[in-house]
Amino acid sequence: MKLYEPVMLAMPLARKLGELITAGKRLPDGEEVIEELRKFGFEEICLDRGLAIHRGRFIIALTFSGREHIITDILSSTGELSDALEVMAYHDRKLEAYIVEILPANELEFEGNIGLEPVIIDDRTFELKSNPVLGHFEEDGGGIFLVIDGETYERWKEERDTGTCPICGGSLSWKGERAYCRECGYGVEVVRG
Ligand SMILES: [Zn+2]
């Protein structure tokens, strides 16, 4: 799958970071995140203490890792900043939780969260406390779809309106297991395992 826009990396990466936190019972380190970026087929152009730069055909990712946080900034390789995103994972001591969120560089564009809710993982039980709508992207004749699993869909449906696009906040129209967003042009597809 070609990753044309920052959101196409941000959403699967945020999901993966959540999985790594649950599995490892701690924040992933820089190495683990770099390993994930390699799986997306990115070329490594710089690896330094606490910093990694990865380049895909259409996007560039800069990863900064520290003891308490890990941040990946994702930009279009054209240098266009309007669709740039930051994926941030950190431990919030007050909330007693690990948080993974996707922050738009241009915050005016989408007032809600990309993925509708951040990933919130209890720091003792390592249970997921929120209902983020995250997945990976696939392209076919019908367009480009955010593919989510059945469990994600059920949690989404229980907690809130499934008529809101998790990518841009626009309105979705559903046809069976697929929904289309007129605003961002992406679709959402539910694939039950
Ligand atoms: Zn949309």
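Residues numbered from 1 in each chain as written. Predicted model: local features only at pLDDT ≥ 70, side-chain atom pairs only at ≥ 80, totals over all residues.

Where interface size is given, it is often the accessible area lost as the parts come together that is meant. Here the chain is partitioned into domain 1 (6-122) and domain 2 (136-191). Each partner contributes residues to the interface: domain 1 has 10 residues there, and domain 2 has 8 residues. For the side of domain 1 that touches domain 2, the per-class residue count stands at 7 nonpolar, 2 polar and 1 charged. (Domains from an automatic or database assignment. Contact = placed C-beta atoms within 7 Å. Nonpolar A, V, L, I, M, F, W, Y, C, P; charged D, E, K, R; others polar.)

All right, on to the environment of Ser-76 then. Its place among the elements puts Ser-76 in strand β4 (residues 69-76). Its 16 C-beta neighbours within 10 Å are what place Ser-76 among the partly exposed residues. In this structure Ser-76 touches Glu-5, Pro-6, Phe-58, Ile-59 and Asp-83, once residues within four positions along its chain are discounted. (Helix = DSSP H or I, 4+ residues; strand = E, 2+ residues; numbered from the N terminus. Buried ≥ 20, exposed ≤ 12 C-beta atoms within 10 Å, placed from the backbone.)

Residues spaced three or four apart along an α-helix point in a common direction, a consequence of the helix completing one turn every 3.6 residues. With 19 residues, helix α1 (residues 6-24) should reach 27 Å at 1.5 Å per residue; the first-to-last C-alpha distance of 26 Å fits that figure. Counting buried positions over the 19 residues of α1 gives 15, a clear majority of the element. Directly after α1, the chain includes Lys-25, whose backbone phi takes a positive value near 55 degrees. (Expected span 1.5 Å × (residues − 1).)

For the rest of this paragraph, the subject is the confidence of the model for the chain. Of all residues in the chain, 97% attain a pLDDT of 70 or more, and the chain-wide mean is 92. The spread of mean pLDDT over the elements of the chain runs between strand β1 (residues 43-48), the lowest at 88, and strand β7 (residues 119-122), the highest at 98. (pLDDT = per-residue confidence, 0-100.)

As paired strands, β4 and strand β5 (residues 85-92) are joined by 6 bridges and run antiparallel to one another. What sits directly across from His-69, in β5, is Tyr-90. Pairing analysis gives 8 bridges linking β5 to strand β6 (residues 97-104), with the strands arranged antiparallel. Paired with Asp-92 across the strands is Ala-97, a residue of β6. Between β5 and β6, which pair antiparallel one after the other, the connecting turn spans 4 residues, and Glu-96 there sits at a positive phi close to 50 degrees. (Pairing = 2+ DSSP bridges.)

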